[in-house]
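So you can see what is in the structure, the chains are spelled out below.
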Amino acid sequence: MRGRVPRGCRIYAMLRAQGRHLSFHTPGHKRRGEDITELSYSDNLLSPTGVLAAAEKEIAALLGAEKSFLLTDGSTCGVFAMLYAAKRLGAAKIAVSAYCHRSVLNACGVMGLTPVFMEQPVRCGIPAQPAVCEMARALAQADALLLTSPDYYGYFPDLAAARSLCVAAGKLLLVDGAHGAHLKGTPRYAGNFADLWVDGVHKSLPALTQGAVVSAKEGAAEALADGVRIFRTSSPSYPVMASVEYAVRYPRNRAVERAAEALKREAGALKNEDWSKIVVPFGEKSGAAQQALERRRIYCEFNDGNYLMFYLSPATTLRALKKLASALRGLPRGHVRDEAHTAGMGGGNVVLCPLKEAAGKVCACDCGIFPPCMPVVRRGETIGSDAVRRLSEAKNTFGLTDGKIKVYTE
Ligand SMILES: Cc1ncc(COP(=O)(O)O)c(C=O)c1O
(Lines give C-alpha, C1' and ligand atoms only; values in the text may rest on other atoms or scores of the structure.)
Protein backbone atom coordinates (compact mmCIF):
# COMPACT_ATOMS: atom_id res chain seq x y z
CA MET A 1 0.00 0.00 0.00
CA ARG A 2 2.44 2.64 -1.16
CA GLY A 3 1.85 5.78 -3.20
CA ARG A 4 -1.09 8.16 -3.13
CA VAL A 5 -4.37 7.34 -1.40
CA PRO A 6 -6.80 6.60 -4.25
CA ARG A 7 -9.59 9.18 -4.47
CA GLY A 8 -12.63 8.48 -2.33
CA CYS A 9 -11.09 5.48 -0.61
CA ARG A 10 -11.93 6.03 3.02
CA ILE A 11 -10.39 2.86 4.42
CA TYR A 12 -7.02 3.46 2.75
CA ALA A 13 -7.09 7.07 3.98
CA MET A 14 -7.82 5.95 7.54
CA LEU A 15 -4.98 3.40 7.49
CA ARG A 16 -2.51 5.91 6.06
CA ALA A 17 -3.46 8.72 8.43
CA GLN A 18 -2.06 6.80 11.38
CA GLY A 19 1.67 6.91 11.99
CA ARG A 20 3.59 3.89 13.19
CA HIS A 21 2.73 2.61 16.64
CA LEU A 22 3.82 -0.12 19.01
CA SER A 23 1.65 -3.17 18.45
CA PHE A 24 0.35 -4.87 21.56
CA HIS A 25 -2.60 -6.17 19.62
CA THR A 26 -3.26 -8.83 16.99
CA PRO A 27 -2.09 -9.84 14.38
CA GLY A 28 0.90 -11.62 15.83
CA HIS A 29 3.40 -10.65 13.14
CA LYS A 30 3.87 -7.29 14.94
CA ARG A 31 4.86 -5.54 11.75
CA ARG A 32 3.85 -1.97 12.29
CA GLY A 33 1.87 -1.57 9.14
CA GLU A 34 -1.66 -1.37 7.88
CA ASP A 35 -2.60 -4.95 8.74
CA ILE A 36 -4.28 -4.01 11.99
CA THR A 37 -7.25 -5.13 14.04
CA GLU A 38 -10.17 -3.18 15.52
CA LEU A 39 -8.47 -0.25 17.27
CA SER A 40 -9.91 2.94 18.69
CA TYR A 41 -9.70 4.62 15.27
CA SER A 42 -10.41 1.75 12.87
CA ASP A 43 -14.12 0.99 13.44
CA ASN A 44 -15.52 -2.54 13.76
CA LEU A 45 -17.00 -4.44 10.83
CA LEU A 46 -19.33 -6.46 13.05
CA SER A 47 -21.25 -3.33 14.02
CA PRO A 48 -19.73 -0.47 12.05
CA THR A 49 -20.41 3.13 12.96
CA GLY A 50 -17.34 4.92 11.54
CA VAL A 51 -15.17 4.59 8.48
CA LEU A 52 -16.39 1.08 7.60
CA ALA A 53 -20.04 2.08 7.88
CA ALA A 54 -19.39 5.05 5.58
CA ALA A 55 -17.51 2.86 3.07
CA GLU A 56 -20.30 0.26 3.00
CA LYS A 57 -22.91 2.99 2.50
CA GLU A 58 -21.01 4.48 -0.43
CA ILE A 59 -20.44 1.05 -1.98
CA ALA A 60 -24.20 0.34 -1.75
CA ALA A 61 -24.91 3.62 -3.54
CA LEU A 62 -22.38 2.76 -6.28
CA LEU A 63 -23.85 -0.72 -6.78
CA GLY A 64 -27.51 0.35 -6.67
CA ALA A 65 -28.19 -1.62 -3.48
CA GLU A 66 -30.20 -0.86 -0.38
CA LYS A 67 -27.32 -2.34 1.62
CA SER A 68 -23.91 -3.75 0.70
CA PHE A 69 -21.51 -5.59 2.97
CA LEU A 70 -17.74 -5.80 2.73
CA LEU A 71 -16.53 -9.38 2.80
CA THR A 72 -13.01 -10.64 3.40
CA ASP A 73 -13.95 -14.31 3.09
CA GLY A 74 -14.59 -14.51 -0.65
CA SER A 75 -17.82 -14.88 -2.58
CA THR A 76 -18.33 -18.13 -0.69
CA CYS A 77 -19.31 -16.14 2.39
CA GLY A 78 -21.63 -13.99 0.28
CA VAL A 79 -23.36 -17.07 -1.16
CA PHE A 80 -23.93 -18.43 2.36
CA ALA A 81 -25.27 -15.09 3.63
CA MET A 82 -27.52 -14.66 0.59
CA LEU A 83 -29.04 -18.14 0.96
CA TYR A 84 -29.49 -17.59 4.69
CA ALA A 85 -31.41 -14.40 3.86
CA ALA A 86 -33.57 -16.29 1.36
CA LYS A 87 -34.38 -18.84 4.05
CA ARG A 88 -35.21 -16.09 6.57
CA LEU A 89 -37.57 -14.65 3.97
CA GLY A 90 -39.43 -17.96 3.72
CA ALA A 91 -37.64 -19.92 0.98
CA ALA A 92 -37.22 -23.66 1.49
CA LYS A 93 -36.49 -24.80 -2.09
CA ILE A 94 -34.01 -23.03 -4.36
CA ALA A 95 -33.84 -23.46 -8.14
CA VAL A 96 -30.12 -23.77 -8.94
CA SER A 97 -28.05 -24.59 -12.00
CA ALA A 98 -26.83 -28.17 -12.20
CA TYR A 99 -23.26 -26.80 -12.48
CA CYS A 100 -23.52 -24.14 -9.77
CA HIS A 101 -20.49 -23.51 -7.57
CA ARG A 102 -19.95 -25.88 -4.66
CA SER A 103 -20.57 -23.05 -2.14
CA VAL A 104 -24.22 -23.00 -3.27
CA LEU A 105 -24.73 -26.70 -2.59
CA ASN A 106 -22.73 -26.53 0.65
CA ALA A 107 -24.87 -23.63 1.87
CA CYS A 108 -28.08 -25.46 0.92
CA GLY A 109 -26.81 -28.52 2.82
CA VAL A 110 -25.88 -26.57 5.94
CA MET A 111 -29.15 -24.64 6.00
CA GLY A 112 -31.48 -27.47 5.08
CA LEU A 113 -32.52 -25.83 1.81
CA THR A 114 -33.55 -28.17 -1.01
CA PRO A 115 -31.91 -27.50 -4.37
CA VAL A 116 -34.16 -27.92 -7.42
CA PHE A 117 -31.75 -28.47 -10.28
CA MET A 118 -31.99 -26.76 -13.66
CA GLU A 119 -30.49 -28.79 -16.49
CA GLN A 120 -27.48 -27.32 -18.26
CA PRO A 121 -26.66 -29.18 -21.46
CA VAL A 122 -22.89 -29.53 -21.93
CA ARG A 123 -21.66 -28.51 -25.37
CA CYS A 124 -18.01 -28.98 -26.28
CA GLY A 125 -17.12 -29.40 -22.62
CA ILE A 126 -18.92 -26.26 -21.40
CA PRO A 127 -22.25 -26.27 -19.56
CA ALA A 128 -24.72 -23.89 -21.22
CA GLN A 129 -26.59 -21.42 -19.01
CA PRO A 130 -30.07 -22.72 -18.12
CA ALA A 131 -32.68 -21.86 -20.75
CA VAL A 132 -35.60 -19.63 -19.73
CA CYS A 133 -38.07 -22.54 -20.00
CA GLU A 134 -35.84 -24.54 -17.65
CA MET A 135 -35.77 -21.64 -15.17
CA ALA A 136 -39.58 -21.45 -15.32
CA ARG A 137 -39.94 -25.21 -14.80
CA ALA A 138 -37.64 -25.24 -11.77
CA LEU A 139 -39.01 -22.03 -10.28
CA ALA A 140 -42.53 -23.48 -10.33
CA GLN A 141 -41.24 -26.09 -7.84
CA ALA A 142 -39.07 -23.70 -5.82
CA ASP A 143 -39.33 -20.54 -3.71
CA ALA A 144 -36.34 -18.67 -5.18
CA LEU A 145 -34.07 -18.76 -8.21
CA LEU A 146 -30.27 -18.60 -8.00
CA LEU A 147 -28.22 -18.00 -11.15
CA THR A 148 -24.49 -17.66 -11.81
CA SER A 149 -23.83 -14.59 -13.93
CA PRO A 150 -21.55 -14.58 -15.80
CA ASP A 151 -20.05 -18.04 -15.56
CA TYR A 152 -16.34 -18.88 -15.59
CA TYR A 153 -16.41 -19.23 -19.40
CA GLY A 154 -17.97 -15.78 -19.93
CA TYR A 155 -21.62 -16.61 -20.63
CA PHE A 156 -24.71 -14.98 -19.10
CA PRO A 157 -28.13 -16.35 -18.23
CA ASP A 158 -31.10 -14.26 -19.41
CA LEU A 159 -31.36 -12.14 -16.27
CA ALA A 160 -34.18 -9.95 -17.61
CA ALA A 161 -36.33 -13.02 -18.24
CA ALA A 162 -35.37 -14.43 -14.84
CA ARG A 163 -36.42 -11.16 -13.20
CA SER A 164 -39.81 -11.24 -14.95
CA LEU A 165 -40.38 -14.85 -13.90
CA CYS A 166 -39.54 -14.06 -10.27
CA VAL A 167 -41.65 -10.90 -10.16
CA ALA A 168 -44.64 -12.71 -11.68
CA ALA A 169 -44.30 -15.53 -9.12
CA GLY A 170 -43.48 -13.23 -6.18
CA LYS A 171 -40.21 -15.13 -5.61
CA LEU A 172 -36.65 -13.99 -4.93
CA LEU A 173 -33.91 -13.78 -7.55
CA LEU A 174 -30.37 -14.40 -6.26
CA VAL A 175 -27.27 -13.96 -8.42
CA ASP A 176 -23.84 -15.41 -7.79
CA GLY A 177 -21.70 -12.74 -9.43
CA ALA A 178 -18.36 -14.22 -8.34
CA HIS A 179 -17.16 -13.46 -11.90
CA GLY A 180 -19.16 -10.31 -12.59
CA ALA A 181 -17.99 -7.47 -10.34
CA HIS A 182 -16.44 -5.61 -13.31
CA LEU A 183 -19.92 -5.17 -14.84
CA LYS A 184 -21.09 -2.50 -12.39
CA GLY A 185 -22.73 0.32 -14.35
CA THR A 186 -23.33 -1.83 -17.46
CA PRO A 187 -26.66 -3.36 -18.62
CA ARG A 188 -25.66 -6.89 -17.62
CA TYR A 189 -24.73 -6.11 -14.02
CA ALA A 190 -26.41 -8.52 -11.55
CA GLY A 191 -27.62 -5.65 -9.35
CA ASN A 192 -29.90 -4.44 -12.17
CA PHE A 193 -32.01 -7.58 -11.73
CA ALA A 194 -31.42 -9.42 -8.47
CA ASP A 195 -32.88 -9.06 -4.98
CA LEU A 196 -29.65 -10.42 -3.51
CA TRP A 197 -26.30 -10.70 -5.25
CA VAL A 198 -22.60 -11.28 -4.71
CA ASP A 199 -19.74 -9.41 -6.41
CA GLY A 200 -16.47 -11.37 -6.47
CA VAL A 201 -14.40 -8.22 -6.41
CA HIS A 202 -11.08 -10.08 -6.14
CA LYS A 203 -11.59 -11.95 -9.41
CA SER A 204 -12.51 -9.39 -12.06
CA LEU A 205 -11.60 -6.15 -10.26
CA PRO A 206 -8.28 -5.27 -8.63
CA ALA A 207 -8.94 -6.28 -5.02
CA LEU A 208 -6.80 -8.56 -2.89
CA THR A 209 -7.70 -12.26 -2.88
CA GLN A 210 -10.90 -12.98 -0.88
CA GLY A 211 -12.26 -9.46 -1.27
CA ALA A 212 -15.98 -9.55 -2.11
CA VAL A 213 -19.25 -7.67 -1.58
CA VAL A 214 -22.74 -9.00 -0.97
CA SER A 215 -25.70 -6.72 -1.58
CA ALA A 216 -29.47 -6.60 -1.26
CA LYS A 217 -32.34 -4.55 -2.54
CA GLU A 218 -34.99 -3.19 -0.20
CA GLY A 219 -36.98 -5.91 1.49
CA ALA A 220 -34.06 -8.35 1.65
CA ALA A 221 -31.47 -6.09 3.31
CA GLU A 222 -32.21 -6.83 6.97
CA ALA A 223 -32.29 -10.59 6.42
CA LEU A 224 -28.98 -10.32 4.56
CA ALA A 225 -27.46 -8.31 7.41
CA ASP A 226 -28.30 -11.21 9.74
CA GLY A 227 -26.72 -13.70 7.35
CA VAL A 228 -23.54 -11.65 7.05
CA ARG A 229 -23.26 -11.40 10.84
CA ILE A 230 -23.39 -15.19 11.07
CA PHE A 231 -21.02 -16.19 8.28
CA ARG A 232 -18.30 -13.61 8.04
CA THR A 233 -15.12 -13.73 10.06
CA SER A 234 -14.78 -11.77 13.28
CA SER A 235 -11.22 -10.83 12.25
CA PRO A 236 -11.63 -9.11 8.87
CA SER A 237 -8.44 -8.07 7.10
CA TYR A 238 -8.10 -4.28 6.81
CA PRO A 239 -5.86 -4.48 3.72
CA VAL A 240 -8.51 -6.65 2.03
CA MET A 241 -11.33 -4.29 3.04
CA ALA A 242 -9.37 -1.28 1.79
CA SER A 243 -8.71 -3.07 -1.49
CA VAL A 244 -12.41 -3.91 -1.92
CA GLU A 245 -13.37 -0.27 -1.56
CA TYR A 246 -10.64 0.67 -4.04
CA ALA A 247 -11.71 -2.02 -6.52
CA VAL A 248 -15.41 -1.12 -6.44
CA ARG A 249 -14.44 2.44 -7.39
CA TYR A 250 -12.10 1.28 -10.14
CA PRO A 251 -13.18 2.71 -13.52
CA ARG A 252 -13.89 0.77 -16.69
CA ASN A 253 -10.95 0.40 -19.04
CA ARG A 254 -12.52 0.58 -22.50
CA ALA A 255 -9.15 0.35 -24.26
CA VAL A 256 -8.48 -3.02 -22.60
CA GLU A 257 -12.06 -4.17 -23.28
CA ARG A 258 -11.61 -3.40 -27.01
CA ALA A 259 -8.15 -5.00 -27.12
CA ALA A 260 -9.51 -8.12 -25.41
CA GLU A 261 -12.24 -8.53 -28.02
CA ALA A 262 -9.68 -8.06 -30.81
CA LEU A 263 -7.39 -10.64 -29.21
CA LYS A 264 -10.27 -13.11 -28.97
CA ARG A 265 -10.93 -12.77 -32.71
CA GLU A 266 -7.26 -13.09 -33.60
CA ALA A 267 -6.68 -16.10 -31.33
CA GLY A 268 -9.82 -17.95 -32.39
CA ALA A 269 -11.12 -17.82 -28.82
CA LEU A 270 -14.72 -18.67 -27.99
CA LYS A 271 -17.20 -15.98 -29.03
CA ASN A 272 -18.39 -15.57 -25.47
CA GLU A 273 -20.18 -12.56 -24.00
CA ASP A 274 -17.73 -11.22 -21.42
CA TRP A 275 -14.60 -9.35 -22.52
CA SER A 276 -12.78 -10.28 -19.30
CA LYS A 277 -12.68 -14.01 -20.04
CA ILE A 278 -10.62 -15.17 -23.02
CA VAL A 279 -11.22 -18.88 -23.59
CA VAL A 280 -8.98 -20.45 -26.22
CA PRO A 281 -9.68 -24.00 -27.45
CA PHE A 282 -6.66 -26.31 -27.56
CA GLY A 283 -8.38 -29.69 -27.09
CA GLU A 284 -5.90 -32.48 -26.31
CA LYS A 285 -3.01 -30.03 -26.90
CA SER A 286 -4.03 -27.82 -23.97
CA GLY A 287 -1.34 -29.24 -21.66
CA ALA A 288 1.41 -28.60 -24.22
CA ALA A 289 0.09 -25.09 -24.88
CA GLN A 290 0.03 -24.31 -21.15
CA GLN A 291 3.63 -25.49 -20.79
CA ALA A 292 4.78 -23.44 -23.79
CA LEU A 293 3.15 -20.32 -22.33
CA GLU A 294 4.58 -20.93 -18.87
CA ARG A 295 8.06 -21.19 -20.36
CA ARG A 296 7.45 -17.59 -21.45
CA ARG A 297 6.20 -16.75 -17.92
CA ILE A 298 2.58 -16.45 -19.03
CA TYR A 299 0.12 -18.14 -16.66
CA CYS A 300 -3.56 -18.68 -17.41
CA GLU A 301 -6.41 -18.95 -14.90
CA PHE A 302 -7.10 -22.58 -15.74
CA ASN A 303 -6.59 -25.43 -18.15
CA ASP A 304 -9.66 -27.66 -18.11
CA GLY A 305 -8.19 -30.16 -20.56
CA ASN A 306 -9.92 -28.51 -23.51
CA TYR A 307 -9.51 -24.77 -23.09
CA LEU A 308 -7.00 -22.35 -21.62
CA MET A 309 -8.80 -19.51 -19.90
CA PHE A 310 -7.17 -16.09 -19.55
CA TYR A 311 -8.81 -13.90 -16.92
CA LEU A 312 -8.57 -10.13 -17.42
CA SER A 313 -9.62 -7.13 -15.34
CA PRO A 314 -9.63 -3.38 -15.95
CA ALA A 315 -6.13 -3.44 -14.43
CA THR A 316 -4.80 -5.67 -17.23
CA THR A 317 -2.35 -3.70 -19.37
CA LEU A 318 -2.38 -3.38 -23.15
CA ARG A 319 1.26 -4.47 -23.07
CA ALA A 320 0.33 -7.74 -21.33
CA LEU A 321 -2.39 -8.39 -23.91
CA LYS A 322 0.08 -7.80 -26.76
CA LYS A 323 2.49 -10.32 -25.23
CA LEU A 324 -0.31 -12.85 -24.83
CA ALA A 325 -1.43 -12.36 -28.45
CA SER A 326 2.08 -12.90 -29.71
CA ALA A 327 2.65 -15.98 -27.52
CA LEU A 328 -0.61 -17.58 -28.69
CA ARG A 329 0.34 -17.19 -32.35
CA GLY A 330 1.50 -20.45 -33.82
CA LEU A 331 0.76 -22.62 -30.79
CA PRO A 332 -0.53 -25.98 -32.10
CA ARG A 333 -4.25 -26.55 -31.64
CA GLY A 334 -6.05 -29.84 -31.01
CA HIS A 335 -9.71 -30.70 -31.24
CA VAL A 336 -12.32 -30.16 -28.54
CA ARG A 337 -14.49 -33.24 -28.67
CA ASP A 338 -18.20 -32.92 -27.99
CA GLU A 339 -18.30 -36.01 -25.82
CA ALA A 340 -21.88 -36.90 -24.95
CA HIS A 341 -22.58 -37.40 -21.26
CA THR A 342 -24.65 -40.52 -21.19
CA ALA A 343 -26.47 -41.74 -18.14
CA GLY A 344 -25.28 -45.18 -17.05
CA MET A 345 -26.80 -47.74 -14.72
CA GLY A 346 -25.95 -46.40 -11.26
CA GLY A 347 -26.12 -48.52 -8.14
CA GLY A 348 -24.38 -51.64 -6.93
CA ASN A 349 -21.02 -51.75 -5.23
CA VAL A 350 -18.59 -48.89 -5.50
CA VAL A 351 -14.94 -49.67 -6.25
CA LEU A 352 -11.88 -47.57 -6.97
CA CYS A 353 -10.70 -47.96 -10.54
CA PRO A 354 -7.41 -46.69 -12.09
CA LEU A 355 -8.29 -43.78 -14.39
CA LYS A 356 -6.78 -45.42 -17.48
CA GLU A 357 -9.18 -48.38 -17.09
CA ALA A 358 -12.27 -46.28 -16.34
CA ALA A 359 -13.62 -45.48 -19.83
CA GLY A 360 -17.05 -47.07 -20.31
CA LYS A 361 -17.66 -47.60 -16.58
CA VAL A 362 -20.31 -45.72 -14.59
CA CYS A 363 -18.95 -42.96 -12.36
CA ALA A 364 -19.93 -43.13 -8.68
CA CYS A 365 -18.71 -39.68 -7.53
CA ASP A 366 -18.60 -36.25 -9.22
CA CYS A 367 -15.03 -35.66 -10.46
CA GLY A 368 -13.55 -32.56 -12.01
CA ILE A 369 -10.76 -30.06 -12.37
CA PHE A 370 -10.35 -26.88 -10.35
CA PRO A 371 -10.58 -24.18 -11.30
CA PRO A 372 -13.18 -24.05 -12.89
CA CYS A 373 -14.41 -26.51 -10.24
CA MET A 374 -17.08 -28.08 -12.43
CA PRO A 375 -17.47 -31.83 -12.75
CA VAL A 376 -15.94 -33.34 -15.89
CA VAL A 377 -17.98 -36.46 -15.21
CA ARG A 378 -20.82 -36.76 -12.75
CA ARG A 379 -22.12 -39.55 -10.58
CA GLY A 380 -24.31 -41.83 -12.69
CA GLU A 381 -22.69 -40.87 -16.00
CA THR A 382 -20.74 -43.26 -18.19
CA ILE A 383 -17.10 -42.20 -18.19
CA GLY A 384 -15.89 -41.23 -21.66
CA SER A 385 -12.32 -41.53 -22.98
CA ASP A 386 -11.98 -37.76 -23.23
CA ALA A 387 -13.01 -37.38 -19.58
CA VAL A 388 -10.28 -39.90 -18.68
CA ARG A 389 -7.71 -37.89 -20.65
CA ARG A 390 -8.72 -34.55 -19.11
CA LEU A 391 -8.70 -35.89 -15.55
CA SER A 392 -5.39 -37.72 -16.08
CA GLU A 393 -3.67 -34.59 -17.39
CA ALA A 394 -5.09 -32.14 -14.83
CA LYS A 395 -2.86 -30.81 -12.06
CA ASN A 396 -5.68 -30.10 -9.56
CA THR A 397 -8.66 -32.38 -9.43
CA PHE A 398 -11.50 -33.19 -7.05
CA GLY A 399 -13.41 -36.42 -6.55
CA LEU A 400 -10.45 -38.71 -7.31
CA THR A 401 -8.73 -40.84 -4.67
CA ASP A 402 -4.98 -41.31 -5.22
CA GLY A 403 -5.51 -40.91 -8.97
CA LYS A 404 -8.32 -43.49 -8.98
CA ILE A 405 -11.99 -42.91 -9.74
CA LYS A 406 -14.99 -44.40 -7.93
CA VAL A 407 -17.14 -46.51 -10.26
CA TYR A 408 -20.12 -48.81 -9.85
CA THR A 409 -19.62 -52.49 -10.41
CA GLU A 410 -22.22 -54.20 -12.62
C1 LIG B 1 -19.38 -19.25 -9.63
C2 LIG B 1 -18.58 -19.13 -8.37
N3 LIG B 1 -19.22 -18.79 -7.23
C4 LIG B 1 -18.57 -18.66 -6.07
C5 LIG B 1 -17.21 -18.86 -6.00
C6 LIG B 1 -16.51 -18.73 -4.67
O7 LIG B 1 -15.71 -17.58 -4.70
P8 LIG B 1 -14.54 -17.34 -3.66
O9 LIG B 1 -13.41 -18.20 -4.10
O10 LIG B 1 -14.28 -15.87 -3.77
O11 LIG B 1 -15.05 -17.72 -2.30
C12 LIG B 1 -16.50 -19.22 -7.17
C13 LIG B 1 -15.05 -19.45 -7.13
O14 LIG B 1 -14.40 -19.69 -8.10
C15 LIG B 1 -17.20 -19.37 -8.38
O16 LIG B 1 -16.58 -19.74 -9.51
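The structure presented is a predicted model; accordingly, all values stated were derived computationally and were not measured. (Residues numbered from 1 in each chain as written. Predicted model: local features only at pLDDT ≥ 70, side-chain atom pairs only at ≥ 80, totals over all residues.)

So, about the overall build of the chain. Tallying secondary structure elements over the chain gives 13 helices and 18 strands in all. On the principal axes, the C-alpha backbone points of the chain span a range of 65 × 50 × 40 Å. Looking at the chain as a whole, 47% of its 410 residues are labelled buried. For the chain, contacts bridging at least 24 residues in sequence account for 66% of all contacts bridging at least 6. (Helix = DSSP H or I, 4+ residues; strand = E, 2+ residues; numbered from the N terminus. Buried ≥ 20, exposed ≤ 12 C-beta atoms within 10 Å, placed from the backbone. Contact = placed C-beta atoms within 7 Å.)

So, about the sheet that holds strand S15 (residues 367-369). Neighbouring strands of a sheet are bound in pairs by backbone hydrogen bonds; such pairs are parallel or else antiparallel. Taken in spatial order, the three strands of this open sheet run S16-S15-S17, and their pairing is antiparallel. Each edge of the sheet is formed by a strand with only one pairing partner; in this case those strands are strand S16 (374-377) and strand S17 (397-398). Sheet topology places S15 next to S16; three bridges connect them, and they run antiparallel. When the bridges of S16 are listed, glycine 368 appears paired with proline 375. (Pairing = 2+ DSSP bridges.)

Here we come to the site of the ligand. Close to the ligand lie 14 residues; Gly74, Ser75, Thr76, His101 and Ala178 are nearest. Residues belonging to the shell around the ligand are distributed by class as follows: six nonpolar, seven polar and one charged. (Near = placed C-beta within 6 Å. Nonpolar A, V, L, I, M, F, W, Y, C, P; charged D, E, K, R; others polar.)

One open sheet accounts for seven strands, arranged S1-S9-S8-S7-S6-S2-S3; its pairing is mixed. Each edge of the open sheet is held by one strand with a lone partner, namely strand S1 (67-71) and strand S3 (114-118). Along the sheet, successive strands turn relative to each other by an average axial angle of 20 degrees, direction set aside. Where strand S8 (residues 196-199) and strand S9 (residues 212-216) come together, four bridges link them in antiparallel fashion. Residue pairing for S9: aspartate 199 is matched across the bridge by valine 213. (Axes fitted to C-alpha atoms, helices over the stretch in contact; angles between N-to-C directions.)

All of the buried residues in helix H4 (residues 102-111) are Ser103, Val104, Ala107 and Cys108. Axial view of H4: buried residues confined to an arc of 135 degrees, hence all on one face. Turned more than 90 degrees from where H4 packs its buried face, Gly109 and Val110 sit exposed. (Arc of directions from axis to C-beta.)

Time to look at unusual backbone geometry. When glycine is set aside, most residues are seen to have a negative phi, and most peptide bonds are trans. Between threonine 26 and proline 27 the backbone carries a cis peptide bond, its omega angle lying at 0 degrees. Take proline 27: it is sitting in the loop between helix H1 (10-17) and helix H2 (51-63). In this model, serine 149 is joined to proline 150 through a cis peptide bond whose omega is -10 degrees. If you trace the backbone, proline 150 turns up in the loop between strand S6 (144-148) and helix H6 (159-169). The phi torsion at aspartate 43 lies on the positive side, around 65 degrees, for a residue other than glycine. Positive phi, normally seen in glycine, also occurs at arginine 297, with a value near 65 degrees. By the secondary structure assignment, arginine 297 is in the loop between helix H11 (286-295) and strand S11 (302-303). Taking the C-beta count within 10 Å as the criterion, arginine 297 has 8 such neighbours and is therefore assigned exposed.

On to the packing of H1 against H2, then. Put simply, H1 and H2 touch, their axes get as near as 9 Å, and they point 155 degrees apart. By the angle between their directions, the pair H1 and H2 is classed as roughly antiparallel. Packed against H1, whose contacting residues are Arg10, Ile11 and Met14, the element H2 presents Val51, Ala54 and Ala55 at the interface. Residue composition of the contact of H1 with H2, grouped by class: five nonpolar, no polar and one charged. (Parallel < 35°, antiparallel > 145°, perpendicular 65-115°, else oblique.)

Right, let's get into the pairing of strand S2 (residues 93-97). Of all five residues that make up S2, four are buried, and the element is covered over most of its length. Sheet topology note: the S2/S3 ladder contains five bridges and is parallel. Considered in S3, the bridge of valine 96 is made with phenylalanine 117. Once the chain exits S2 it traverses H4 before rejoining the sheet at S3, and the crossover so formed is right-handed. With three bridges joining them, S2 and S6 adopt parallel strand pairing. If you follow alanine 95 over to S6, its bridge partner there is leucine 145. (Right-handed = clockwise from strand over helix to strand, strands pointing away.)

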